[in-house]
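Tertiary structure, described
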Amino acid sequence: QVQLVESGGGSVPVGGSVRLSCQVSRNNYCNHDLNWYRQGPGSEREFVAGILADGSTRYLDSNEGRFAITWDNFKNTLDLQINNLRPEDTAMYYCNAVGLESFRALGPGSAMRVRCEAVDAWGQGTLVAVSQ
């Protein structure tokens, strides 16, 4: 129902920037909360940034303005910009889509509805390695 493919990771020097992209394949009528998580070496997975279905965004409390999450409606991609990279940013970054089951009407005056499945989908991840 939903497939996520991350890209854009790589080796980046301290102080540099990286822009990650998550290609989202889904029913275009279905809305989801879209998130970026990361998991560093020997660490548990943690939330980085997210966009709710209503378009609102949230970030790590400690993001200090270094993160920016955006949704490209034309490309169907969820992007994460990280500036002023630090060694502790080194991690595998994962794209995540979450949503409850819902039923949405199609078009003005349409009696047809599309069923949006409950979703908790994850991509394979893209690695960001920040040099010291």
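This text goes with the structure placed above it.
Definitions and cut-offs
- Residues numbered from 1 in each chain as written.
- Predicted model: local features only at pLDDT ≥ 70, side-chain atom pairs only at ≥ 80, totals over all residues.
- Heavy atoms only, no water.
- Salt bridge = Lys/Arg side-chain N within 4 Å of Asp/Glu carboxyl O.
- Helix = DSSP H or I, 4+ residues; strand = E, 2+ residues; numbered from the N terminus.
- Buried < 20%, exposed > 50% of the residue type's maximum accessible area, 1.4 Å probe, protein only.
- Pairing = 2+ DSSP bridges.
- Axes fitted to C-alpha atoms, helices over the stretch in contact; angles between N-to-C directions.
- Polar contact = N/O pair within 3.5 Å; in protein donor to acceptor, adjacent residues only side chain to side chain.
- Contact = heavy atoms within 4.5 Å.
- Core = buried A, V, L, I, M, F, W, Y, C linked by side-chain atoms within 4.5 Å.

**A closer look at the pattern of salt bridges**
One pass over the full model with this rule turns up 6 salt bridges. Residue D79 is joined to R19 by a salt bridge in which the shortest nitrogen-to-oxygen separation is 3.4 Å. Note that D79 is positioned in strand β8 (residues 77-82) and R19 in strand β3 (residues 18-25), a separation of 60 residues in sequence. Residue D79 is classed as buried on the basis of its relative accessible area of 9%. Given a relative accessible area of 43%, R19 falls into the partly exposed group. Through salt bridges with shared partners, one network takes in R38, E46, R66 and D89.

**Overview of the sheet that holds strand β7 (residues 67-72)**
Taken in spatial order, the 4 strands of this open sheet run β1-β3-β8-β7, and their pairing is antiparallel. In this open sheet, the two edge strands, each paired with only one partner strand, are β1 (3-7) and β7. For this sheet, the mean inter-axis angle between neighbouring strands, taken without regard to orientation, is 15 degrees. Note: β1 against β3, 5 bridges, orientation antiparallel. Considered in β3, the bridge of E6 is made with C22.

**Concerning the side chain of S21**
Structurally, the position occupied by S21 is in strand β3. Looking at S21, its side chain comes within polar contact range of the side chain of D79, at 3.0 Å. Once you skip the residues sitting within four places of it in the chain, S21 turns out to touch V5, E6, S7, W36, T77, L78 and D79.

**Here we look at the nonpolar core**
Judged by nonpolar contacts, the single largest core of 26 residues is most densely connected at L4, W36, L78, L80 and Y93. Put simply, the parts of the chain that give this core at least two residues each are β3, β4 (33-39), β5 (46-51), β7, β8, β9 (91-99), β12 (119-122) and β13 (126-131). Once residues within four sequence positions are removed from consideration, L4 is found in contact with C22, Q23, V24, C95, N96, A97, A121, W122, G123 and Q124.

**Remarks on the pairing of β13**
Only one face of β13 is buried, namely the one carrying T126, V128 and V130, since none of L127, A129 and S131 on the opposite face is buried. Relative to β13, β9 is paired through 3 bridges, and the arrangement is antiparallel. Looking at β13, one finds that Y93 is bridged to T126.

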